[in-house]
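Geometric and topological summary
Now for the letters of each chain:
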Amino acid sequence: MLTILLKQPDNLDVSFEYAMISAQIGDYEAAIGTFERMLIYAPGLPRVQLELGVLYFRLGSTDVARSYFESAISGPDVPPEVQQRVDEYLVAIGTSENPAKFRATVIAGARYQSNANAGPGDRSVNLNGVNFLLNQTSTGQSDVNGFAAASLHGGYDLGTQGDLLEADLLLFGARYADLSKLDTGLAELTFGPSFNMRRFNVDNARLGFYGILSGVRLDTANYLGAMGLGSRFAWRVDPATTLSGKFEFRYRWYHDTVTYSTVSDRNGHFYKGGLTLTHQFSQNWAGRTLIFGDYEETAKAWEQSYEIGGGVGATYKFASPFQALPDRWSIDLEAGYIRRLYDSPDPLINKNDSQNDHEGWVRAALNVPLKNDFSIGLTGEFRRVYSNYDLATYSNASAMVSVAKNF
């Protein structure tokens, strides 16, 4: 190919192929030289200007890259795929010129649950072959809670081909009307770098690594602390399809309290991961498939478990029925199933058989965007757990209303 190129420097097809191969093997200088020669013989080729912009962007020369990108879309009849890629890179250049980014969402609302404490629905239970009648307060109890949550994300562009240093803080608090032992406070911080995978010729993809620090309070007392590491990725496979995933490892330690006197039995390592595939079928419809699993390693063998599950979901966006609220509304539907198995029998419940559960859920949510980045959400869910342990079999129906503000 190089011989042909030297003999026929005006052969644009050979030149383009040679430049692309040079770029793929990391010889950016050779690729740039070839593309720039092509523009001498055929000025104004949008695809060549686009590729030059990409190469200079990868080399960190954003001013030169911007010049080529703008030239690529300045002429008539620009191919749609060229316009799309240029738009993506111009956004990335704008981000690199303003490296600090921040966004946040704050949510407040109320939730009703028919079985807030996940208690058994039947007072009659079997423990090691003997039937017992539970106290009424030990079964499932309905309750209402008010809650507030905040999700804060900060990112700083490192100036190296789109790499970022990212931090996420999640805060949550809930207070119950009757079941104060369920009053919850949670804080979780993740922090670490994420890398633009374009340097490996994988466009529209990011891979990140992060540390984890979290804590939970329950019934006004410290309940759980955790530290760990995680990795996540997101890849837009094509303009309509996105694949994302996450894997995390944590060491968790529990604190025994008067209300929860044996939770330290669950001290140990926790591993979890999942994948989500999302596809935009049309302007109005999007669908997703998710699979996930985890393994909980604990101090007591009967608390040790692993689970695997999956679900499907769909989102439908439609025009607002109110002229005063011009943004489109959306309805989201989801259903899923989890299989959970424990490693060892619990000697207090069943000396012979380990616990194994089947869990399923269906959920529907309506989102109504308001003005000034506010929105209202209405969510309904039904969850059913069936277990060979009577104490772990229950159903829970919930309804939630929330108001969210995006910053």
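Before any of the text, the structure's been laid out above.
Residues numbered from 1 in each chain as written. Predicted model: local features only at pLDDT ≥ 70, side-chain atom pairs only at ≥ 80, totals over all residues. Heavy atoms only, no water.

1. A closer look at the overall build of the chain
Our working definition: Helix numbering and strand numbering both begin at the N terminus, where a helix is a DSSP run of H or I of at least 4 residues and a strand a DSSP run of E of at least 2. The globule rule used here is 2.2 Å times the number of residues to the 0.38 power, and the radius of gyration it is set against is calculated over C-alpha atoms. The buried label applies to any residue whose accessible area, calculated with a 1.4 Å probe on protein chains only, is under 20% of its type's maximum; exposed applies above 50%, and partly exposed to all values in between. Contacts are assigned to residue pairs that have any heavy atoms within 4.5 Å of one another. What sets the accessible areas is the Shrake-Rupley method with a 1.4 Å probe; for residues, cover comes only from the shown protein chains.
Counting its regular elements, the chain contains six helices and 16 strands. The C-alpha atoms of the chain give a radius of gyration of 27 Å, which is well past the 22 Å a tight globule of 407 residues would have. Its C-alpha atoms give the chain principal-axis dimensions of about 90 × 50 × 35 Å. Buried residues in the chain amount to 35% of all 407 residues. Contacts in the chain between residues at least 24 apart in sequence constitute 55% of all its contacts with a sequence separation of at least 6. Accessible area of the chain: about 21900 Å², with a carbon and sulfur share of 59%.

2. Thoughts on the side chain of S330
Relative to the assigned elements, S330 resides in strand β13 (residues 329–345). Not counting residues within four places of it along the chain, the set of residues in contact with S330 comprises T315, Y316, K317, F318, A365, L366 and N367.

3. Some details on the packing of aromatic side chains
Applied cut-off: By convention, a stacked pair of Phe, Tyr or Trp rings (six-membered ring in the case of Trp) has centres within 6.5 Å and planes under 30 degrees apart, an edge-to-face pair has planes over 60 apart, and any other such pair is tilted. Geometrically, a lysine NZ or arginine CZ counts as sitting over a ring once it is within 6 Å of the ring centre and also within 35 degrees of the ring normal.
In total, this model carries 15 aromatic pairs according to the counting rule given. Centroid distance F292 to W361: 6.4 Å. Interplanar angle 35°. Geometry classified as tilted. Of this pair, F292 sits in strand β11 (residues 285–296) while W361 is found in strand β14 (residues 354–369), placing the two residues 69 residues apart along the sequence. Taking 5.8 Å as the distance between ring centres and 40° as the angle between the ring planes, the aromatic pair formed by F322 and W329 counts as tilted. One aromatic cluster is present, formed by W285, Y316, F318, F322 and W329 through successive ring pairs. Over the aromatic face of Y210 sits the side chain of R232, whose NZ or CZ is 4.4 Å from the ring centroid. Above the ring of F270, the side-chain terminus of R252 is found at 4.1 Å from the ring centroid.

4. Here's the deal with unusual backbone geometry
Non-glycine residue N372 carries a positive phi angle of around 60°. Residue position: N372 is located in the loop between β14 and β15 (374–387). Notably, D373 is not glycine yet its phi reads approximately 65°, a positive angle.

5. Let's talk about helix α4 (residues 46–58)
Two residues of an α-helix separated by three or four positions point the same way, owing to the 3.6 residues in each turn. Which entries qualify depends on this criterion: A helix is expected to span 1.5 Å multiplied by its residue count minus one.
Taking 1.5 Å as the rise per residue, α4 with 13 residues should run 18 Å; its terminal C-alpha atoms sit 18 Å apart, in good agreement. With respect to burial, α4 is a largely interior element, eleven of its 13 residues being buried. Listed as buried for α4 are V48, Q49, L50, E51, L52, G53, V54, L55, Y56, F57 and R58. Positioned one or two residues after α4, G60 has a phi angle of 85°, which is positive.

6. Quick look at the pairing of strand β2 (residues 124–127)
Basically, it comes down to this: We treat two strands as partners when DSSP finds at least two bridges between them.
The sheet contact formed by β2 and strand β3 (residues 130–133) spans four bridges and is antiparallel. Across the sheet, V125 pairs through a bridge with F132, a residue of β3. In textbook terms, the turn of a hairpin is the stretch between consecutive antiparallel strands, and for β2 and β3 this stretch comprises two residues, one of which, N128, has a positive phi near 50°.

7. Focus: the pattern of salt bridges
The criterion, for reference: Counted as salt bridges are all cases of a side-chain nitrogen of Lys or Arg within 4 Å of a carboxyl oxygen of Asp or Glu.
Within this structure, the stated rule accounts for 18 salt bridges. For the salt bridge of R252 with E296, the shortest nitrogen-to-oxygen distance reads 2.7 Å. Here E296 lies in strand β11 and R252 lies in strand β9 (residues 241–254), a separation of 44 residues in the sequence. As far as the burial class goes, R252 and E296 line up, both buried.

8. Observations regarding the packing of helix α3 (residues 28–41) against α4
Heads up, the condition is: Axis lines are fitted to C-alpha atoms, over the contacting stretch for helices. Their N-to-C directions set the angle, which ranges from 0 to 180 degrees. Relative orientations are named as follows: roughly parallel for angles under 35 degrees, roughly antiparallel for angles over 145 degrees, roughly perpendicular for angles from 65 to 115 degrees, and oblique for any other angle. Here a crossing is called left-handed whenever its near helix is offset anticlockwise from the far helix by less than a right angle, and right-handed whenever the offset is clockwise. Classification convention: Asp, Glu, Lys, Arg as charged; Ala, Val, Leu, Ile, Met, Phe, Trp, Tyr, Cys, Pro as nonpolar; all other residues, Gly among them, as polar.
Two elements in contact, α3 and α4, have axes whose closest approach is 10 Å; the angle formed by their N-to-C orientations is 150°. As far as their axial angle goes, α4 and α3 are roughly antiparallel. Here the hand of the crossing between α3 and α4 comes out left-handed. Two secondary-structure elements touch here, α3 through Y28, A31, I32, F35, E36, M38 and L39 and α4 through V48, Q49, E51, L52, L55, Y56 and R58. Taken together, the residues of the contact of α3 with α4 sort by class into ten nonpolar, one polar and three charged.

9. Observations regarding α3
Rules: Throughout, the arc means that of the directions going from the helix axis to the C-beta atoms.
Helix length check: α3 (14 residues) gives 20 Å between terminal C-alpha atoms against 20 Å at 1.5 Å per residue, within 8%. Listing the buried residues of α3 in full gives Y28, A31, I32, T34, F35, M38 and L39. On an axial view of α3, the arc spanned by its buried residues comes to 165°, and they lie on one face. Residues of α3 that are exposed and point more than 90 degrees away from the buried face comprise E29 and I40.

10. A short note on the pairing of β11
Sheet topology note: the strand β10 (residues 268–280)/β11 ladder contains eleven bridges and is antiparallel. Note that in β11 the partner of T276 across the bridge is L290. Hairpin connection from β10 to β11: four residues lie between these consecutive antiparallel strands. Across twelve bridges, β11 lies against strand β12 (residues 305–318) in antiparallel orientation. The partner of I291 across the bridge, within β12, is G310.

All quantities given are derived from atomic positions and should not be read as evidence of function.
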